[in-house]
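Report on the structure
If you want the building blocks of each chain, they are given just below.
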Amino acid sequence: MNALDYILAGLEAHLKLERELGRRIVEIDRRLLDVQKPTSCGSSVSSDDIKVLQEPKQDVAKADAVEKTPSSKEKIFDFVFVHDKNLTPEALEMMDKIIAALGRSKETAPIVFEGALPKAKAYAVLGALALKKYFPGLKGVPGQWLTGAKGEQVLVTYSPHYILRFAVVTPAVKKIKEDMWKSLKTLLQRIR
């Protein structure tokens, strides 16, 4: 799948979500469709994508980490994504698209992989290791909602690393992606 196909698939998923939410007007950043530079694998990426991929992995990961100390004036997020370790640039790109398709940004729906969890109405746990790290004692399968020890609403879903390790998109991989997307859409229903 080349970059344009990937973008169009993401756009299609976003439009489907917008229809389900009853929105009639959708804004699209046309720069997303501006594919200019071919890569060695034959797909295309924009110059902005190249800059992001060239940044050191550690700096990209630190920028996405959320470390907070509890306070009475702490912001309460609608939902927070939780992972057990730094995300690779490819996984960050995937999560950026998911967060945008859900109508949020990293500022309004952060990805946490170290430190204390910020307060949120719901937590989307990306993989079993993250569940074990942040909610010890809970066990669940992808797509399942759980209640944490402090009453937290916890959605278990797949890690982006798990999905990205499949080089070929087979019907089984497509089903995993669809299941992940269906479960993540339930976040919007939970926070209403």
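The structure contained in this document is the topic of the report that follows.

1. With respect to the packing of aromatic side chains
Within this structure, the stated rule accounts for four aromatic pairs. Residues Phe79 and Phe81 carry aromatic rings whose centres are separated by 5.7 Å and whose planes lie at 90 degrees to one another, so their mutual orientation is edge-to-face. Clustering of aromatic rings is evident, with ring pairs tying together Tyr158, Tyr162 and Phe166. Arg190 extends its terminal NZ or CZ atom over the ring of Trp145, reaching a point 4.1 Å from the ring centre.

2. Structural notes on helix α4 (residues 89-101)
For α4, which comprises 13 residues, the first-to-last C-alpha distance of 18 Å matches the rise-based estimate of 18 Å (1.5 Å per residue) to within 8%. For α4, the full list of buried residues reads Ala91, Leu92, Met94, Met95, Ile98, Ile99 and Ala101. A positive backbone phi angle near 80 degrees is found at Gly103, which sits one or two residues after α4.

3. Some words on the sheet that holds strand β4 (residues 111-112)
An order of β4-β3-β5-β7-β6 is seen for the five strands of this open sheet, with the pairing classed as mixed. Edge positions in the sheet fall to β4 and β6 (145-147), since each has one partner strand and no second. Bridge count for strand β3 (residues 77-82) against β4 is two bridges, and the pairing is parallel. Along β4, the bridge assignment pairs Val82 with Val112. The strands that helix α7 (residues 171-190) touches are β3, β5 (120-126), β6 and β7 (153-157); relative to β7, the one it contacts most, it runs at about 165 degrees.

Conventions used here
- Residues numbered from 1 in each chain as written.
- Predicted model: local features only at pLDDT ≥ 70, side-chain atom pairs only at ≥ 80, totals over all residues.
- Heavy atoms only, no water.
- Phe/Tyr/Trp six-rings, centres within 6.5 Å; stacked < 30°, edge-to-face > 60°.
- Lys NZ or Arg CZ within 6 Å of the ring centre and 35° of its normal.
- Helix = DSSP H or I, 4+ residues; strand = E, 2+ residues; numbered from the N terminus.
- Expected span 1.5 Å × (residues − 1).
- Buried < 20%, exposed > 50% of the residue type's maximum accessible area, 1.4 Å probe, protein only.
- Pairing = 2+ DSSP bridges.
- Contact = heavy atoms within 4.5 Å.
- Axes fitted to C-alpha atoms, helices over the stretch in contact; angles between N-to-C directions.

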